[in-house]
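One letter stands for each residue in the lines below.
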Number of protein chains: 2
Amino acid sequence: MFSALDQAKKAYLHDEVPVGAVVMKGDTLLVSSYNLVKTTSDPTAHAEMLALRAASQILGTSYLDECDLYVTLEPCAMCAAAIALARIRRLYFGAYDPKGGGVDHGAQVFKHSLHKPTVVGGVCETECSNLLIDFFKLRR
Amino acid sequence: MFSALDQAKKAYLHDEVPVGAVVMKGDTLLVSSYNLVKTTSDPTAHAEMLALRAASQILGTSYLDECDLYVTLEPCAMCAAAIALARIRRLYFGAYDPKGGGVDHGAQVFKHSLHKPTVVGGVCETECSNLLIDFFKLRR
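Rules of the game
- Residues numbered from 1 in each chain as written.
- Chains lettered and ligands numbered in written order.
- Predicted model: local features only at pLDDT ≥ 70, side-chain atom pairs only at ≥ 80, totals over all residues.
- Heavy atoms only, no water.
- Axes fitted to C-alpha atoms, helices over the stretch in contact; angles between N-to-C directions.
- Helix = DSSP H or I, 4+ residues; strand = E, 2+ residues; numbered from the N terminus.
- Parallel < 35°, antiparallel > 145°, perpendicular 65-115°, else oblique.
- Left-handed = near helix turned anticlockwise from the far one by under 90°.
- Contact = heavy atoms within 4.5 Å.
- Nonpolar A, V, L, I, M, F, W, Y, C, P; charged D, E, K, R; others polar.
- Least-squares fit on C-alpha atoms with pLDDT ≥ 70 in both.
- Pairing = 2+ DSSP bridges.
- Buried < 20%, exposed > 50% of the residue type's maximum accessible area, 1.4 Å probe, protein only.
- Expected span 1.5 Å × (residues − 1).
- Arc of directions from axis to C-beta.
- Salt bridge = Lys/Arg side-chain N within 4 Å of Asp/Glu carboxyl O.

K.L.:
Sorry, what's going on with the packing of helix H3 (residues 47–59) of chain B against helix H4 (residues 77–85) of chain B here?
P.N.:
For any two helices packed against each other, the geometry comes down to the angle between their axes and how far apart the axes lie. Residue and element names in this part refer to chain B. Where H3 contacts H4, the axes come no closer than 9 Å and their chain directions differ by 20 degrees. As far as their axial angle goes, H4 and H3 are roughly parallel. When the axes of H3 and H4 are compared, the crossing they make is left-handed. Here Glu48, Met49 and Leu52 of H3 lie close against H4, whose contacting residues are Met78, Cys79, Ala82 and Ile83. Considered class by class, the residues forming the contact of H3 with H4 number 6 nonpolar, no polar and 1 charged.

Now the structure itself:
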């Protein structure tokens, strides 16, 4: 999660909502990414989506069933469903997102998906959350 | 929807699950795309995702609020949430998908999303559905 937090800090510096993600295969960090929605004008360019796409390209398969995803914020419904489609083994996320989350909140995607990863929320929650609070405080 | 069906037929010829999508801005067809999950080894490469990403690149914005999306199959939760994030105005889909759909079925994403497009399901349902039935019949 520390690597994901480093990615989130990069997003912050690029004036993007500070969310970072990494995909691990066993002890190997496969890819790391951060939110690029604003920079790329792409509504789907969340950190998790970029990480899943990059990992699938590296491994040459759309099934990442031996991989774990770490992300600093509870995934939205789009990212949660993509995690299920990619058959990610374990999902670790940092801050909870009652407004935009799709795992423990909102659409609760894994209650309906064919594949259900093991989910651990609240990992380094304070650090992940503070970065987001700081970011939005400056913009209000 | 006829253009989206043409795209679905292209997917079929490429041995991809035959789903096609187009994004319209008013009377102008902005982009058309088809499912490329297998070809690209990308679990997120559904027709709708490719169409949304291409349209946002053409228009230079992640907000497609003057655009309508036509897709031959009920979007899954990932695509439905992406449609909401992109603020698509109207969604027209063909076949219903009780197993994998995320609009009228499963996670029913728009019940939880901040943006809710106008949704019209069952457009050219028989043609859209038959293409999928044919595809899976050959593979069983």
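This is not the end of the story, as more comes after the structure.
K.L.:
Sorry, what's going on with the relation of the copies chain A and chain B here?
P.N.:
Superposition record for chain A on chain B: RMSD 0.0 Å, screw rotation 180 degrees, translation along axis 0.0 Å. Here the symmetry operator amounts to a two-fold rotation axis. In terms of proximity to the rotation axis, the leading residue of chain A is Met78(A), whose C-alpha is 2.0 Å off the axis. Taken together, the interface assignments show that 100% of the residues at the interface of chain A recur at the interface of chain B, consistent with an identical surface on both copies.

K.L.:
How should the pairing of strand S2 (residues 28–34) of chain B be read in this particular structure?
P.N.:
Residue and element names in this part refer to chain B. In terms of strand pairing, strand S1 (residues 20–25) meets S2 through 6 bridges, oriented antiparallel. When the bridges of S2 are listed, methionine 24 appears paired with leucine 29. Between S1 and the antiparallel strand that follows it, S2, lie 2 residues; glycine 26 among them carries a positive phi value of about 60 degrees.

K.L.:
Any chance you could explain unusual backbone geometry here in plain terms?
P.N.:
Where the residue is not glycine, phi is negative for most of them; where a peptide bond is considered, it is trans in most cases. Residues and elements named next belong to chain B. Even without a glycine there, the phi angle at serine 41 is positive, about 50 degrees. With respect to the helices and strands, the residue serine 41 is situated in the loop between helix H2 (37–40) and H3. Overall, the relative accessible area of 18% leaves serine 41 in the buried class. In this structure, cysteine 124 takes a positive phi of about 50 degrees despite not being glycine. The topology assignment puts cysteine 124 in the loop between strand S5 (118–120) and helix H5 (125–138).

K.L.:
Please explain helix H5 (residues 125–138) of chain A as it appears in this structure.
P.N.:
The α-helix winds at 3.6 residues per turn, so residues separated by three or four positions along the chain end up facing the same way. Residue and element names in this part refer to chain A. A rise of 1.5 Å per residue sets the reference length of H5, with its 14 residues, at 20 Å; its end C-alpha atoms lie 20 Å apart and thus fit the reference within 8%. Residues Cys128, Leu131, Leu132 and Phe135 constitute the buried set of H5. Along the axis of H5, the buried positions cluster into a sector of 90 degrees, meaning they face one direction only. Exposed side chains of H5 directed beyond 90 degrees from the buried face belong to Thr126, Lys137 and Leu138.

K.L.:
For this particular structure, what's the right way to read the pattern of salt bridges?
P.N.:
Charged atoms that come close allow side chains of opposite charge to pair. Residue and element names in this part refer to chain B. Scanning the model with the defined rule gives 12 salt bridges over all chains in all. A salt bridge links aspartate 15 to lysine 38; the nearest nitrogen and oxygen atoms lie 2.6 Å apart. Within this pair, whereas aspartate 15 is found in the loop between helix H1 (2–13) and S1, its partner lysine 38 is found in helix H2, the two being separated by 23 residues in sequence. Residue aspartate 15 is classed as partly exposed on the basis of its relative accessible area, which comes to 31%. Two residues, arginine 139 and aspartate 15, come together in a salt bridge whose shortest N-O distance is 2.5 Å. On the criterion of sequence distance, the pair formed by arginine 139 in the segment after H5 and aspartate 15 in the loop between H1 and S1 is long-range, its members being 124 residues apart.

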